[in-house]
Amino acid sequence: MKAYSGFAEVYDLFMDNVPYESWSEYIAGILRDYGAESGILLDLGCGTGKMTRLLAKAGYDMIGIDSSEEMLGIAAAQETEGSGILYLNQDMRDFELYGTVRAVISVCDSINYITEEEDLLAVFRLVNNYLDPGGIFLFDLNTLYKYREILGNATICENREEGSFIWENYYEEESQINEYDMTFFVKEEDGRYRRYKETHCQRGYAPETIQDLIRQSGMEFVACYGENTRRPPKKEDERIYIIARECTKKREV
C-alpha cells in the first residue's frame, strides 16, 4: 500500500504528542540565522500541513508539496481563510515550481523516505534549481543510531481511549533500510473499530554521505546540528538537521 493513504485519516490523531509549535519556532529560528527571514518557503513532504500552517503564521508565503493526495486533502480541509498556502500533489523526486523560493525545508524525516542515493541526489538538484541566489535548504534526518539502537527490530504498541496502534519495526544493517508495519485500530462513532495497515520504508544516511550528495548537487554544505540545538550532533542524537545553501547563482545588485 502507498504510504500515507488510509493512514492519512488517523495521522494527526496519533501525532498529537509532537510539539509542533516549538518545533516550528526552532525551524524559523535557523532560517533567520541564515538570512531567510521572510519570502516564499517550500515545505517538501508537508503531510497534513501542520508545520506549513505554523510557518505561514510566522510570516512566510508557504508552498506545500506531498505525494499523498489523502494527506493534502486533510491539509486543505484545515486551511484558514487568508493563509494563501499553495498545496501541490507532487513527488519530491521530480517536483516543479513556477519560480524560485527563498528557502526549502523538509522535516519529520521526509528525506529518509528517499531510499536510493541517486534519487536523493535528484531531490537535492531540484532544490538547488528552485532556490533563490543564496537560498537556504534545511531538512532533518532520523539517524543511523536511532534505526540501530532505538527502533531496531522492536515492536511498539500503544492503547488509547480513541484507538490503538502496533508498530513492528525491522532494520537491515547492510542496506541501512528501516521497514515498519503499522496497524491502527480507530474507534468509530458506533463503538466498532476500523483497522488501518500500512508498510513504510526509510533509509538511514551517514552525515558524510549527505554532505557529498549536497556538494554534487551544486549546493554548499553549511552546517549539521543535533536535535533542537545549534551544536554539532552527538552520537546519541536520534535526529539531525542539515543546512545547505545555493551558491552558484548571481544575486541582483
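Since the model is a prediction, treat every value here as computed from it, not as a measurement.

Thresholds applied
Residues numbered from 1 in each chain as written. Predicted model: local features only at pLDDT ≥ 70, side-chain atom pairs only at ≥ 80, totals over all residues. Heavy atoms only, no water. Helix = DSSP H or I, 4+ residues; strand = E, 2+ residues; numbered from the N terminus. Contact = heavy atoms within 4.5 Å. Buried < 20%, exposed > 50% of the residue type's maximum accessible area, 1.4 Å probe, protein only. Lys, Arg positive; Asp, Glu negative; His and termini not counted. Salt bridge = Lys/Arg side-chain N within 4 Å of Asp/Glu carboxyl O. Polar contact = N/O pair within 3.5 Å; in protein donor to acceptor, adjacent residues only side chain to side chain. Pairing = 2+ DSSP bridges. Axes fitted to C-alpha atoms, helices over the stretch in contact; angles between N-to-C directions.

*Asks:* Let's hear about the environment of N129: which residues, and what values?
*Replies:* Here N129 lies in helix α5 (residues 117-130). Separated by 72 residues in the primary sequence, N129 and C201 place their C-alpha atoms 27 Å from one another.

*Asks:* Can you break down the side chain of S110 residue by residue, with the values?
*Replies:* As for its position among the elements, S110 is in the loop between β4 (101-106) and α5. The contacts of S110, once residues within four sequence positions are left out, are L44, G45, M92 and D140.

*Asks:* An account of the side chain of D132 is needed here, citing residue identities and associated values.
*Replies:* Along the polypeptide, D132 turns up in strand β5 (residues 131-142). Summary of buried charges: D132 has no salt-bridge partner, and the nearest side chain of opposite charge, R102, is 5.1 Å away. A distance of 2.5 Å separates polar atoms of two side chains, one belonging to D132 and the other to T100. Not counting residues within four places of it along the chain, the set of residues in contact with D132 comprises T100, V101, R102 and E246.

*Asks:* Mind laying out the pattern of salt bridges, listing which residues take part and the relevant values?
*Replies:* Applying the stated rule across the entire model yields 12 salt bridges. Residue R93 is joined to D119 by a salt bridge in which the shortest nitrogen-to-oxygen separation is 3.7 Å. On the criterion of sequence distance, the pair formed by R93 in the loop between β3 (86-89) and β4 and D119 in helix α5 is long-range, its members being 26 residues apart. R93 gets classed as partly exposed once you look at its relative accessible area, which sits at 39%. We note a salt bridge from D237 to R231, for which the minimum N-O separation is 3.0 Å. Looking at D237, the relative accessible area reads 9%, which means it is buried. The class for R231 is partly exposed, based on a relative accessible area of 26%. Among the charged side chains, a network of salt bridges with common partners joins D109, D140, E227 and R239.

*Asks:* Run through unusual backbone geometry, naming residues and quoting values.
*Replies:* Despite not being glycine, C108 has its phi angle at roughly 60 degrees, a positive value. On the secondary structure map, C108 appears in the loop between β4 and α5. Here the phi dihedral of N228 falls at roughly 60 degrees; this positive angle occurs in a residue that is not glycine. Residue placement: N228 occurs in the loop between β10 (219-226) and β11 (239-246).

*Asks:* So what's going on with the sheet that holds strand β7 (residues 163-172)? Which residues, and what values?
*Replies:* Pairing in this open sheet of four strands is antiparallel, and the strands run β6-β7-β8-β9 from one edge to the other. Of all the strands in the sheet, the pair left with one neighbour each is β6 (155-159) and β9 (193-203). Neighbour-to-neighbour, the strand axes of the sheet open up by a mean angle of 10 degrees, direction not taken into account.

In short, geometric facts, not functional conclusions.
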